[in-house]
There are 4 protein chains.
Amino acid sequence: MKFDCDYMQGAHPAILEKLNEINKCDYPGYGLDEWCRQAAKDIHKYLNCPGACVHFLVGGTQMNAVAMEAMLHAFQSVISADSGHIAVHESGAIENTGHKVHIIPAADGKLTAAQIRENAAYYIENDLREHMTQPRAVYLSFPTEYGTLYSKQELEDIAEVCREYNMFLYIDGARMGYGLTSEECDVTLEDLARLTDAFYIGGTKCGSFMGEAFVTTHPMIKDHFRNYMKMNGALLAKGWLLGVQFHVLMKDGLYFDICRKANIQARKIQEAFESAGVEPYVRSQTNQLFYIIKKRHVEELEKICRFELDHWIDDENALVRFCTSWSTSDEEVNKLIEHIRGLA
Amino acid sequence: MKFDCDYMQGAHPAILEKLNEINKCDYPGYGLDEWCRQAAKDIHKYLNCPGACVHFLVGGTQMNAVAMEAMLHAFQSVISADSGHIAVHESGAIENTGHKVHIIPAADGKLTAAQIRENAAYYIENDLREHMTQPRAVYLSFPTEYGTLYSKQELEDIAEVCREYNMFLYIDGARMGYGLTSEECDVTLEDLARLTDAFYIGGTKCGSFMGEAFVTTHPMIKDHFRNYMKMNGALLAKGWLLGVQFHVLMKDGLYFDICRKANIQARKIQEAFESAGVEPYVRSQTNQLFYIIKKRHVEELEKICRFELDHWIDDENALVRFCTSWSTSDEEVNKLIEHIRGLA
Amino acid sequence: MKFDCDYMQGAHPAILEKLNEINKCDYPGYGLDEWCRQAAKDIHKYLNCPGACVHFLVGGTQMNAVAMEAMLHAFQSVISADSGHIAVHESGAIENTGHKVHIIPAADGKLTAAQIRENAAYYIENDLREHMTQPRAVYLSFPTEYGTLYSKQELEDIAEVCREYNMFLYIDGARMGYGLTSEECDVTLEDLARLTDAFYIGGTKCGSFMGEAFVTTHPMIKDHFRNYMKMNGALLAKGWLLGVQFHVLMKDGLYFDICRKANIQARKIQEAFESAGVEPYVRSQTNQLFYIIKKRHVEELEKICRFELDHWIDDENALVRFCTSWSTSDEEVNKLIEHIRGLA
Amino acid sequence: MKFDCDYMQGAHPAILEKLNEINKCDYPGYGLDEWCRQAAKDIHKYLNCPGACVHFLVGGTQMNAVAMEAMLHAFQSVISADSGHIAVHESGAIENTGHKVHIIPAADGKLTAAQIRENAAYYIENDLREHMTQPRAVYLSFPTEYGTLYSKQELEDIAEVCREYNMFLYIDGARMGYGLTSEECDVTLEDLARLTDAFYIGGTKCGSFMGEAFVTTHPMIKDHFRNYMKMNGALLAKGWLLGVQFHVLMKDGLYFDICRKANIQARKIQEAFESAGVEPYVRSQTNQLFYIIKKRHVEELEKICRFELDHWIDDENALVRFCTSWSTSDEEVNKLIEHIRGLA
């Protein structure tokens, strides 16, 4: 039983089936094929935004770096929560393209409109602004690295600040499926197309072998995006592999079905912990659950399953993460719950 | 019938079969899985070089950029033929990491040891060398972008110059399989492990969905290669996808069998052109064939198949490329040959 | 009367005199001249470190960027206090060279050995370390941006952590002269040469027209420093201009005499504020003084002199900086003191 | 006697005189002072282009890198002659900012409109253009590295190609003064302001201690140029040092007077070589003279003066450069001429 992360198995069987079907066909290279076109259409059905452009990239770190390089001039920076993936776990990919990640502390992984405004205003109002990087983009994760969600109102407020200070709003959707299908989510892809300048719909963690679908509505970002992709080694030769996977996931909503299921299973685990009197580190709204648990509980749970040990808080307590995924089975969840209830 | 390039179909059926078999298994992320370990072992059998390190990346442009960033300090450059892929068709990926590609004209895509020596010596002997980039790596393609091959002696000579001038020797093997199985090739993977500091064995164009296997023998390059991969968005979350594909290709030599076949078919097409009195632009030794053909021949051949029209030399003549691949069938080749013979 | 900063006047008269004397001579370009050699010797007298290398650059931002590019591989970062000049006021110069500035909060501008250890250890001990930038250098300012100083013991402790975790220790000495001549300073240039891998002795703010003297003791940094300088546009054609200025400043200790004087004057102003019951924002040990003062005091003081209004804390209070310099006269200080005493 | 280059002496005496006069004044930092404003006005008198912006930087390599970073998006390149300073002698400064220098062979250092058109068109018309860098700027030197000049018609033609293909036209004017005052020059600063998007007027080689005056007429380049300067360490703290020097040089045309003189002296030397039957390597139109001379002549001339030995063509012949400057005296020239006439 593995609850350590959501990208351990291959692809949803429907994807593999399709791949078996078309493996012997010939397709043009670099994403200029019919599957990429079709998948873009499938995604457009959710966007209500005819002007949006869709591109398919292989992975999230690559995506974020390409997006930032396409959005930012050399002297500009991107604002991120201190837990933001680009701020911590991408080995300086953004800085490697020459841009500062302007970090703001955020306890639950969420930036507020007020925080963003304060930082943007500080730049504008400062006499020394030519000596500082100009914040030109805001990076959010949806859901965040702590499994939390922005409400529609929170995104509206942040989008307003971004418009006011002429900053791009970009959303990292590596776990987008788990976010959109959370019971607590009041945000849709249509909202994201309306409120952001660009975002991506994650595939790797949500049912595909690999692949992330980038959506942008801003003319400047659309303009030469493929050049930025190629320059960053992000233009897959057999791009149709990404297109066909997103087609299978999006054409009839499979993407949402399998992610919703994972959320439901996470809720069951959440309830079990609650019943056992274990308080969450951050109250998750999606498929990632963070708890500080006792050493002996760590040891007990490790006997029956894998989970992520983030770090030891002290000698007796550790921050751990349990993660469901599109491939988590009911049996696995039930067995885990049983053991959680037995913790004392 | 498609002879425009060698990366249009999916993967060899044996790969897809294996993928179907293991799709429901869980694997650790980022290439730290059993398939990557196994594939590395499979490759090691050909290297006779226990100290070599193997890593799996998704594509060639990404590979070249990561390799150069791992090899070069900021003020250092890489020497390449003017037709080198990094010099022309990677949208400045190397320069984007901050390094100059030092370009040398090479009619058939091949650099000579003498050319490399001359350029390396010019730097060393120049009083203004602090004002110039230091050539610190040599980039070769094997086979070259024109389908030509370096002989073992040529590589020995180049390797000697590189040692003498303290330069890394790096070989782009996007089409490595077609090179190694050419009838005219006297080079082995063992030679490459001995003579170079790093090279890669191409998968994307030689039978896999995607993936390139990087091999390095140099301590400095080995040292932090995974950091460089991650920083460049080249550490695939489900890295086992790459491992398992290379395992299937390498464990019993399938890689070489399917590429050898493609070369044989290319030879047949070559003979047909020769019989028809069409001179090659460059005499290919592998699966890519370059010809300057007449406009009416272009039009005739376009009726029965696709091929790459590189560019029009003048109003009446075009440089074209025909490319066989691991998936090219005998029927396709025979039909093409028939038509070539009918050209007048 | 101007107390806003320490780089507003030209150069110390002795420098200008020397410049008048040698203006008609011919010198080799790019710092390969006799004045740069002589100035390096003059500096060496203070270092007791025969292996140290000295280079002259034009300004501080340039210096920091060149030094970091020479120290760091692409995936490596530099640790800095959140008030560090490279973290705030260099327009992302370090990130522009591809490196993350790893920021640590530090109330008085000073990092502690414990903070540095914690951050270095977190990287080493983390399973995901390949996903993070590797801290490879520590950036300190001496004095800090708040005018505070590290004690010798503090530097010893930090140097030990750096050795333990294989990190370069680098000190930005834009105001080095004011630091070394503070009454509270127990650190010498000899200590810095012993404890750090590189540091610079600031000229621009300490009596010269422009110019900063870089000192490094580490073989890897020495190795190609001039290439890094040239690549960053930091190899001044008439480099002798920098050499001759440092010669004048360092040969008989003029540098220290004029900076000591500025510190004495700062102390007088400090006492005046203290007598007036104004508490310092940070207790300065050098030529920069930070106070939070009332709006009406801001207005009163603005009538007689210029000073830096950092920002308004609220409607009634502002953080301000008063700065003495090598060129501040006794008259100016006395007049300012008189007015401070009159504040009510 | 030194004819090796034109940046060996200090500044024109008028500059030093002015510096002595104002050394004790206080000025705001970073080029926001009255001398920079005044020097900009002095330059504007020659431009007839009220919308132009003027900035002062310290040196040429820095200037070129900042200009390119301000002009180019990450995937864009700059076209340069193979002898262009950015292509050879700036240690990869442009590539270090992430941009490819797209090199075109040019025997006498001059690009033609036809060459530029061909390269720009190749990009536009190529199906693989997303795989290549987009040429977005053209770099010319005026005069070139070989001392040659573009005629007004040549610049008009190049400017037209640049407009047609939406490329910036940028001119490196490190030796601008020698170019504009050549007897063969039919180009004015007004022409340059009209025909280019940006250029710079060199100070370092034309009479100042250091400093280059950047002029741009393009809104996109103007927009954040100071941010680009600061990010590249090119915003001099005491920027007024640059302003005052350009004021002295430009206010009454001193710049042109002293450079014209150097050209006249170069002509005398040119005639002497011609009389001695020595053919020029490239026919210079300005202050740099290139000759291939015999070994024994190299040895004879080295007895009486310094000059630049570019490289040995073979055992018996060397390419050498003689360079006059604003500070070359009549005595020096006469003595050199006498010796040249004595060569046999």
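Structural data are supplied above this passage.
Residues numbered from 1 in each chain as written. Chains lettered and ligands numbered in written order. Predicted model: local features only at pLDDT ≥ 70, side-chain atom pairs only at ≥ 80, totals over all residues. Heavy atoms only, no water.

Asker: Now, about the side chain of Gln9(D): what can you tell me, with residues and values included?
Answerer: Residue placement: Gln9(D) occurs in the segment before helix 1 (13-22). Taking relative accessible area as the criterion, Gln9(D) reaches 10% and is therefore assigned buried. Among the polar contacts listed, one links the side chain of Gln9(D) to the backbone oxygen of Lys24(C), at a separation of 3.3 Å. When neighbours within four sequence positions are excluded, Gln9(D) is seen to be in contact with Asn23(C), Lys24(C), Cys25(C), Asp26(C), Lys238(C), Trp240(C), Trp326(D) and Ser327(D). (Helix = DSSP H or I, 4+ residues; strand = E, 2+ residues; numbered from the N terminus. Buried < 20%, exposed > 50% of the residue type's maximum accessible area, 1.4 Å probe, protein only. Polar contact = N/O pair within 3.5 Å; in protein donor to acceptor, adjacent residues only side chain to side chain. Contact = heavy atoms within 4.5 Å.)

Asker: Residues and numbers for the relation of the copies chain D and chain C, please.
Answerer: Expressed as a screw transformation, the operator carrying chain D onto chain C has a rotation angle of 180 degrees and an axial translation of 0.0 Å, and the superposed copies differ by an RMSD of 0.0 Å. Considering both components of the superposition, the chain copies are consistent with a two-fold axis. A symmetric contact is evident, with 100% of the interface residues of chain D recurring at the interface of chain C. (Least-squares fit on C-alpha atoms with pLDDT ≥ 70 in both.)

Asker: Break down the interface of chain A and chain D for me, with residues and values.
Answerer: Facing the 18 residues of chain A at the interface are 18 residues of chain D. Here chain A meets chain D over a buried area of about 1,700 Å², counting both sides, of which 61% is carbon and sulfur. Its largest share of buried area at the contact with chain D, chain A owes to Phe75(A), Glu130(A) and His131(A), together 37% of the area lost on that side. Summed over the shared surface of chain A and chain D, the number is two salt bridges. Here Arg226(D) makes a salt bridge to Glu130(A), at a shortest N to O gap of 2.7 Å. (Buried area = accessible area lost by both parts, 1.4 Å probe. Salt bridge = Lys/Arg side-chain N within 4 Å of Asp/Glu carboxyl O.)

Asker: Explain unusual backbone geometry to me, using residue names and the numbers behind them.
Answerer: Between Phe142(B) and Pro143(B) the backbone carries a cis peptide bond, its omega angle lying at -10 degrees. Of note in the backbone geometry, Ser91(C) takes a positive phi value of approximately 55 degrees without being a glycine. Relative to the assigned elements, Ser91(C) resides in the loop between helix 4 (85-88) and helix 5 (93-96). Residue classification places Ser91(C) among the buried residues on the basis of a relative accessible area of 1%. Of note in this structure, Tyr30(D) is not a glycine but carries a positive phi near 60 degrees. As for its position among the elements, Tyr30(D) is in the loop between helix 1 and helix 2 (34-47). For Tyr30(D), a relative accessible area of 14% corresponds to the buried category.

Asker: A description of the pattern of salt bridges should follow, citing residues and the corresponding values.
Answerer: For the structure shown, the criterion picks out 60 salt bridges over all chains. Linking Lys100(A) and Glu95(C) is a salt bridge whose minimum nitrogen-to-oxygen distance equals 3.8 Å. Here the residue Lys100(A) occupies a position in the loop between helix 5 (93-96) and strand 3 (101-104), and Glu95(C) occupies one in helix 5, the pair thus bridging two chains. A salt bridge links Lys110(C) to Glu154(C), with the shortest nitrogen-to-oxygen separation between them at 3.0 Å. Here the residue Lys110(C) occupies a position in the loop between strand 3 (101-104) and helix 6 (113-125), and Glu154(C) occupies one in helix 7 (residues 152-164), the gap between them amounting to 44 residues. Of the residues examined, Glu154(C) reaches a relative accessible area of 31% and is grouped as partly exposed. A single salt-bridge network, built from bridges that share partners, covers Lys152(A), Glu156(A), Asp191(A) and Arg194(A).

Asker: Describe in detail helix 7 (residues 152-164) of chain A, supporting the description with residues and values.
Answerer: Residue and element names in this part refer to chain A. For helix 7, with 13 residues, the first-to-last C-alpha span of 18 Å sits near the 18 Å given by 1.5 Å per residue. Taken residue by residue, helix 7 has Leu 155, Ile 158, Ala 159, Val 161 and Cys 162 as its buried positions. Viewed along the axis of helix 7, the buried residues span an arc of 160 degrees, placing them on a single side of the element. Looking one or two residues past helix 7, Asn 166 carries a phi angle of roughly 55 degrees, positive in sign. (Expected span 1.5 Å × (residues − 1). Arc of directions from axis to C-beta.)

Asker: A description of helix 2 of chain D should follow, citing residues and the corresponding values.
Answerer: Residues and elements named next belong to chain D. Its 14 residues place the ends of helix 2 20 Å apart at the C-alpha level, agreeing with the 20 Å of an ideal helix rising 1.5 Å per residue. The set of residues buried in helix 2 consists of Trp 35, Cys 36, Ala 39, Ala 40, Asp 42, Ile 43 and Leu 47. Buried positions in helix 2, seen along its axis, are confined to an arc of 160 degrees and lie on one side of it. Turned more than 90 degrees from where helix 2 packs its buried face, Arg 37, Lys 41 and Lys 45 sit exposed. For helix 2, the N-terminal cap is Asp 33; the gap from its side-chain oxygen to the backbone nitrogen of Trp 35 is 2.8 Å. Immediately beyond the C-terminal end of helix 2, within one or two residues, lies Asn 48, with a positive phi of roughly 50 degrees.

Asker: Got a sec to walk through the interface of chain D and chain C? Specific residues and values, please.
Answerer: In this assembly, 41 residues from chain D lie in contact with 42 residues from chain C. Contact between chain D and chain C buries roughly 3,800 Å² in total, counting both sides, with carbon and sulfur atoms accounting for 51%. A per-residue breakdown of the area chain D buries against chain C is headed by Asn23(D), Asp26(D) and Lys238(D), which together make up 16% of the total. Applying the counting rule to chain D against chain C returns 24 residue pairs in polar contact (both at pLDDT 80 or more). Residue assignment for the side of chain D that touches chain C shows that the elements contributing at least two residues are helix 1, helix 3 (60-71), helix 5 (93-96), helix 11 (225-231) and helix 12 (240-250) of chain D.

Asker: I'd like to hear about the side chain of Thr216(B), residue by residue, with values.
Answerer: Residue and element names in this part refer to chain B. Of note, Thr 216 is situated in strand 7 (residues 212-216). When its relative accessible area of 0% is taken as the criterion, Thr 216 is described as buried. At 2.8 Å, the side chain of Thr 216 and the backbone oxygen of Asp 197 are in polar contact. Residue contacts for Thr 216: discarding those within four places in its chain leaves Gly 51, Ala 52, Cys 53, Asp 197, Ala 198, Ile 221 and Lys 222.

Asker: Outline the relation of the copies chain A and chain D, listing residues and values.
Answerer: The transform that puts chain A on chain D rotates by 180 degrees and translates by 0.0 Å along the axis, for an RMSD of 0.0 Å. A shared binding surface is used by both copies, with 100% of the interface residues of chain A retained as interface residues in chain D.

Asker: How would you summarise the sheet that holds strand 2 (residues 76-81) of chain D if you had to cite specific residues and measurements?
Answerer: Residue and element names in this part refer to chain D. Sheet architecture is open: seven strands sit in the order 1-7-6-5-4-2-3, paired in mixed fashion. Here the strands that pair on one side only, and so sit at the sheet edges, are strand 1 (53-57) and strand 3 (101-104). Between one strand axis and the next, the sheet turns through 25 degrees on average, direction left out of account. As defined by bridge partners, strand 2 adjoins strand 3 across four bridges and the pair is classed as parallel. Across the sheet, the residue bridging to Ile 79 is His 102, located in strand 3. On the sheet, helix 2 packs against strand 1, strand 6 (198-202) and strand 7 (212-216) and is oriented at approximately 125 degrees with respect to strand 1. (Pairing = 2+ DSSP bridges. Axes fitted to C-alpha atoms, helices over the stretch in contact; angles between N-to-C directions.)

Asker: Tell me what's going on with the packing of aromatic side chains, and back it up with residues and numbers.
Answerer: For the coordinates displayed, the defined rule picks out 53 aromatic pairs over all chains. A centroid spacing of 5.3 Å and a plane angle of 75 degrees characterise the contact between Tyr146(B) and Phe290(B), whose relative ring orientation is edge-to-face. With Tyr146(B) in the loop between strand 4 (134-141) and helix 7 (152-164) and Phe290(B) in strand 9 (residues 288-294), the pair connects residues that are 144 residues apart, well separated along the chain. On the numbers, 5.0 Å between centres and 50 degrees between planes, the contact of Tyr46(D) with Phe256(D) is tilted. Linking Tyr46(D) in helix 2 with Phe256(D) in helix 13 (residues 254-275), this pair joins segments that are 210 residues apart in sequence. Accessibility expressed as a relative area gives 11% for Phe256(D), which makes it buried. Through successive ring pairs, a cluster of aromatic residues spans Phe273(A), Tyr291(A), Phe307(A) and Phe322(A). A cation sits over an aromatic face here: Lys110(B) above Tyr150(B), 5.7 Å from the ring centre. (Phe/Tyr/Trp six-rings, centres within 6.5 Å; stacked < 30°, edge-to-face > 60°. Lys NZ or Arg CZ within 6 Å of the ring centre and 35° of its normal.)

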